Amino acid sequence: MLIWKTALSLNWRTSLVSPASAPVAAANVGHLVLTGATGFIGSTVLTALVNAGLLERIVCVVRAENRGHAVARLREAALRAGLAPYWASRLGDANVVVGALGDVWQGADAPRLAGATHVIHCAGHASPADGAHLQADIADSLGFAARFAHTPRLQRFVYVGTAYAHAGRGGIVHEEDATGLAASGTVQAGGGLPGAVLAADYLHAKAQTEQRLRELGLPLVVVRPSHVVGHTVLGTRPAPNSFWMFRVAHAARRFTARPMTRIDIVAVDDVARATMLLAVKPTLMHDVYHVSAGDDAPQVAQIVRAMDEAAGMTGAPRYAACAPAELPLVVRDVLGRSDPALERVIGRALQRCAEFATVDRVFDNRRVRDEIDFEPLPFIDYVEECMRTSRGVAVTELMRGALH
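Please read all numbers here as calculations on a predicted model, not as lab measurements. (Residues numbered from 1 in each chain as written. Predicted model: local features only at pLDDT ≥ 70, side-chain atom pairs only at ≥ 80, totals over all residues. Heavy atoms only, no water.)

A short note on the packing of helix H12 (residues 327-335) against helix H13 (residues 340-357)
The angle between the axes and the distance between the axes are what describe a pair of packed helices.
(1) Moving on: Two numbers describe how H12 lies on H13: the axes approach to 9 Å, and their chain directions differ by 120°. What the angle tells us is that H12 and H13 run oblique. The two elements H12 and H13 cross, and the hand of that crossing is right-handed. Contacts between H12 and H13 involve Leu327, Val330, Val331, Arg332 and Leu335 from the former and Leu342, Glu343, Ile346, Gly347, Leu350 and Gln351 from the latter. (Axes fitted to C-alpha atoms, helices over the stretch in contact; angles between N-to-C directions. Helix = DSSP H or I, 4+ residues; strand = E, 2+ residues; numbered from the N terminus. Parallel < 35°, antiparallel > 145°, perpendicular 65-115°, else oblique. Left-handed = near helix turned anticlockwise from the far one by under 90°. Contact = heavy atoms within 4.5 Å.)

Next up, the structure:
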């Protein structure tokens, strides 16, 4: 059994243990299709599903050259996400359907998809940097999902979006009634995120995907994570680039967010377990859920202090907010040298992060707490693992996935 710094509820702790003892209400799951299983969130969802005893009922859509390549990619991703080697080795041909979302229904494995009782859709570009691919993501997601609208066995289709697509203008953000939103035909495409210029297309695409999935008549449940950073046990090993912004702010001792600004951060393994439980629970009270830190969202100054403690730093300069115009200087300070080309690339990535971090905003998570007894580990309680696993790694290496 794992030892945690912050006490978790009994129900939440017991979802972390071995497949033989995981008390997940999954008896009604006949056949579960997972997309995005080689990505950051999707691979961790796969790990949670296997740990819940669903290995033989999971089929993952994997882009690969052939079935052997698909299995190899799936095992590699699962190991990176913390699945025990024994269980990773048991992933095999029966767990993969080879293809991309846009064409997988045209392949020989289409009948395996059509037999799904549950679908968890995690696939898609996760960064505002991927603007050129967003419309393709929407088209592929809708084409893939539309075929499930005509399959008689489907009980639930879970779409993993982002809370920031409906962010509001700060303060506490509540989930809206998804059924009512679909009926009204409105899309709040990130319009409530002040200053979100670089990320506007990304947020619009995520909101638009939600609405258009609702129009398909699926048994849809939308899971909206907030800012997903690190893993409570593995730190930055599953995806180093989720932590780079905090490394920059910590090293420079300044960023555009004020010291008292809260940033709603949740660990990828907490997101994965919540997504898995919302997918397999026989009945749910709602069809939209924030998976977030909620009231426990930390202030920027608290994060910096926790990072100082993790690094054994004493007497460091206090963190202070800076103007957006100072970001190029922040980048130069962190790089420790003048490199105009790299400064421009990193500076643009930092500006994208600033759009999400500058406004004081938390996402109410009472729905998911009530539904599955969700108790996320606070970021400042596992930031030590993120610091430890990224120690000695250059910021440019950490943020490799963001440099586009």
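Some words on the packing of helix H9 (residues 244-252) against H13
(1) Moving on: Remark: H9 packs on H13, axes separated minimally by 11 Å, with the N-to-C direction vectors making an angle of 95°. By the criterion of interaxial angle, the relationship of H9 to H13 is roughly perpendicular. For the pair formed by H9 and H13, the contact residues are Trp244, Met245 and Val248 on the first element and Ile346, Ala349, Leu350, Cys353 and Ala357 on the second.

Here we look at the packing of aromatic side chains
(1) Moving on: According to the stated counting rule, one finds nine aromatic pairs in the structure shown.
(2) Moving on: Centroid distance Trp105 to Phe148: 5.0 Å. Interplanar angle 70°. Geometry classified as edge-to-face. Of this pair, Trp105 sits in the loop between strand S3 (96-98) and helix H5 (110-114) while Phe148 sits in helix H6 (residues 134-148), and the two are 43 residues apart along the sequence. Comparing Trp105 with Phe148 shows no difference in burial state: the two are buried.
(3) Moving on: Grouping aromatic residues by their ring pairs yields a cluster made of Trp105, Phe144, Phe148 and Phe157. (Phe/Tyr/Trp six-rings, centres within 6.5 Å; stacked < 30°, edge-to-face > 60°. Buried < 20%, exposed > 50% of the residue type's maximum accessible area, 1.4 Å probe, protein only.)

Focus: the nonpolar core
(1) Moving on: Grouped together as the largest cluster of nonpolar side chains are 46 residues, with contacts concentrated most on Leu34, Leu46, Leu49 and Ile120.
(2) Moving on: Broken down by element, this core gets its largest block of residues, nine residues, from helix H10 (residues 268-280).
(3) Moving on: Dropping the residues within four chain positions of it, Ile120 is found in contact with Leu32, Val33, Leu34, Thr35, Val45, Leu49, Val158, Val160, Thr275 and Ala279.
(4) Moving on: In terms of nonpolar packing, the next biggest core, distinct from the first, is built from 41 residues, Ala306, Leu327, Leu342 and Val395 among them. (Core = buried A, V, L, I, M, F, W, Y, C linked by side-chain atoms within 4.5 Å.)

So, the confidence of the model for the protein
(1) Moving on: On average, residues of the protein score 84 in pLDDT, and 84% of them are at 70 or above.
(2) Moving on: Below a pLDDT of 50 lies the segment residues 1-24, which in the model reaches 46 contacts outside its immediate sequence neighbourhood of four places, other chains included.
(3) Moving on: Within the model, pLDDT remains below 50 along residues 180-192, and this stretch shows 25 contacts once partners closer than five positions in the same chain are excluded. (pLDDT = per-residue confidence, 0-100.)

Regarding unusual backbone geometry
(1) Moving on: Residues other than glycine seldom take positive phi values, yet Arg253 does so here, at roughly 65°.
(2) Moving on: Here Arg253 shows up in the loop between H9 and strand S9 (254-255).
(3) Moving on: You can call Arg253 buried: its relative accessible area is 10%.
(4) Moving on: Even without being a glycine, Asp373 presents a positive backbone phi close to 60°.
(5) Moving on: Structurally, Asp373 is set in the loop between helix H14 (366-372) and helix H15 (379-390).
(6) Moving on: By relative accessible area, which is 26% here, Asp373 ends up partly exposed.

Quick word on H12
Owing to its 3.6 residues per turn, the α-helix aligns residues three or four sequence positions apart on the same side.
(1) Moving on: For H12, every residue scored as buried is listed here: Leu327, Val330, Val331 and Leu335. End-on, the buried residues of H12 take up no more than an arc of 130°, which puts them together on one face.
(2) Moving on: Contact partners of the buried residues in H12: H9, S9, H13 and helix H16 (395-398).
(3) Moving on: Directly after H12, the chain includes Gly336, whose backbone phi takes a positive value near 75°. (Arc of directions from axis to C-beta.)

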